[in-house]
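Observations on the three-dimensional arrangement
Residues per chain, in single letters:
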Amino acid sequence: MIISAKYASIISAVAFGVAVCSLQIARIMHKNNDIYTVSVHAYWHTLMPPLQHSMVGDAVMINQFEPLVKSGEKGLIEPLGAKAWETSPDRKRIRFFIDTSRRFSDGTRLSAADFKRSWEEGLRLQPVSNNSSLVDVFANLRGINEFKQAGAVSGVNVIGDDVIELHFDRPIRSALEHLTGLRYSAYKMVDGKPIGTGAYVVEEKEKTLTLTPNKYYSGEPVALRNVKIVVLPAAEAVAQVKA
């Protein structure tokens, strides 16, 4: 059974929490054993949060990874990996209070150190776009220019298990908006693959993604339990819906 593109996009948004426009034209086929196949119009190229550089990549990875904060329905910044935050009067420091009840898909609890480690590991990776995806907001972090020599960013400070503070050289009014990006998510490498605290565990084989629920996820239970994501160019999707 092929569901119309409009209806499929709505289901996709509800099931995965992604923007409908990110999926472009999508279709869902209900198969045996309640497996749903969702198509996206282009390949995502990477499942590493720091290397995320496309709308499709963002739409795919939001199922597995969670940044500190997210953009709500009305455009307001809402808690996610951090349950609260406070900004210094000069707007050069932001202190985040991490939601340590959240768990990675291997069962380990999220901590402030996970964010610092993820960001610094990401800065060491070879960018797959014209620049390092993390530089958007981190370009003004204290100590960022000395990172290669120091091996750490002095402007990112972990204070216990549940507090991380960012110290900028100048006021950054849009810092929170930037930090909603999936590239700033916490992740861990397990058996050579990144895992996160999001609703699903994502596995890739031959350019097909298989999504299964993260049994340790602390949010609302997922609507769909067995999902596959495949690449189907927009023109082909339209042709199949019309067929």
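Up top is the structure these notes are about.
Below: a short report on this structure. Just so it is clear, the structure is predicted and the values come from calculations on it, not from any experiment.

**Thoughts on the overall build of the protein chain**
Check the secondary structure of the protein chain and you find eight helices and 13 strands. Taking all 243 residues of the protein chain together, the buried fraction comes to 45%. When the accessible surface of the protein chain is split by element, carbon and sulfur atoms take 51% of a total near 12300 Å².

**Regarding the nonpolar core**
With 30 residues, the main nonpolar core has Phe96, Ile98, Trp119 and Phe138 as its most contacted residues. Elements with a contribution of two residues or more to this core: strand 6 (93-98), helix 4 (112-124), helix 5 (135-138), strand 8 (163-167) and helix 7 (175-178). Grouped together as the second largest cluster of nonpolar side chains are 22 residues, Leu47, Ala199, Val202 and Ile229 included.

**Brief notes about the sheet that holds strand 8**
What the four strands build is an open sheet, ordered 5-6-8-7; its pairing is antiparallel. The two strands at the open ends of the sheet, each matched to only one other strand, are strand 5 (82-87) and strand 7 (156-158). Between one strand axis and the next, the sheet turns by 20° as a mean value, whatever way the strands run. One ladder, built from five bridges, connects strand 6 with strand 8; its direction is antiparallel. Paired with Arg93 across the two strands is His167, which belongs to strand 8. Seen against the sheet, helix 4 touches strand 6, strand 7 and strand 8 and runs at an angle of roughly 40° to strand 8.

**Describing the pairing of strand 11 (residues 200-205)**
With six bridges joining them, strand 11 and strand 12 (residues 208-213) adopt antiparallel strand pairing. Counted as the bridge partner of Tyr200 is Pro213 from strand 12. Between strand 11 and strand 12, which pair antiparallel one after the other, the connecting turn spans two residues, and Glu206 there sits at a positive phi close to 55°.

**So, the side chain of Arg102**
Among the secondary structure elements, Arg102 is positioned in the loop between strand 6 and helix 4. Here Arg102 falls in the buried class, since its relative accessible area comes to 9%. At 2.8 Å, the side chain of Arg102 and the side chain of Glu66 are in polar contact. Apart from the residues lying within four places of it in its own chain, the contact partners of Arg102 are Glu66, Leu80, Gly81, Thr108, Arg109, Leu110, Tyr217 and Ser218.

**So, unusual backbone geometry**
Positive phi outside glycine occurs at Glu206, with the angle close to 55°. Topologically, Glu206 is positioned in the loop between strand 11 and strand 12. Phi is positive for Lys207, close to 60°, though the residue is something other than glycine. The topology assignment puts Lys207 in the loop between strand 11 and strand 12.

**Digging into the side chain of His167**
The topology assignment puts His167 in strand 8. In this structure the side chain of His167 is engaged in a polar contact, spanning 3.3 Å, whose partner is the side chain of Arg93. If near-sequence neighbours (up to four positions away) are discounted, His167 is found in contact with Lys92, Arg93, Leu141, Arg142 and Gly155.

**Looking at the environment of Arg95**
Among the secondary structure elements, Arg95 is positioned in strand 6. Linking Arg95 and Ile159, residues 64 residues apart in sequence, is a C-alpha distance of 9.5 Å. Setting aside its immediate chain neighbours within four residues, Arg95 contacts Ala84, Trp85, Glu86, Ile159, Val163, Ile164 and Glu165. At a separation of 3.0 Å, a polar atom in the side chain of Arg95 contacts the side chain of Glu165.

**Considering the environment of Val158**
By the element assignment, Val158 lies in strand 7. If sequence neighbours within four positions are ignored, Val158 has contacts with Ala112, Ala113, Lys116, Val163 and Ile164.

**Quick word on the pattern of salt bridges**
Side-chain pairing between opposite charges can occur once the charged atoms of the two side chains come close. As enumerated under the stated definition, the model contains 10 salt bridges in all. For Arg93, the salt bridge is made with Glu165, and the minimal N-O distance between the two is 2.8 Å. Placement of the pair is Arg93 in strand 6 and Glu165 in strand 8, with a sequence separation of 72 residues. Notably, a salt bridge pairs Asp99 with Arg102, separated by 3.4 Å at the nearest N-O pair. With respect to burial, Asp99 and Arg102 carry one shared label: buried. Residues participating in the shared-partner salt-bridge network are Glu66, Asp99 and Arg102.

Parameters and conventions
- Residues numbered from 1 in each chain as written.
- Predicted model: local features only at pLDDT ≥ 70, side-chain atom pairs only at ≥ 80, totals over all residues.
- Heavy atoms only, no water.
- Helix = DSSP H or I, 4+ residues; strand = E, 2+ residues; numbered from the N terminus.
- Buried < 20%, exposed > 50% of the residue type's maximum accessible area, 1.4 Å probe, protein only.
- Areas by Shrake-Rupley, 256 points an atom, 1.4 Å probe, with all protein chains shown as cover.
- Core = buried A, V, L, I, M, F, W, Y, C linked by side-chain atoms within 4.5 Å.
- Pairing = 2+ DSSP bridges.
- Axes fitted to C-alpha atoms, helices over the stretch in contact; angles between N-to-C directions.
- Contact = heavy atoms within 4.5 Å.
- Polar contact = N/O pair within 3.5 Å; in protein donor to acceptor, adjacent residues only side chain to side chain.
- Salt bridge = Lys/Arg side-chain N within 4 Å of Asp/Glu carboxyl O.

Such coordinate-based values are descriptive only and should not be taken to indicate function.
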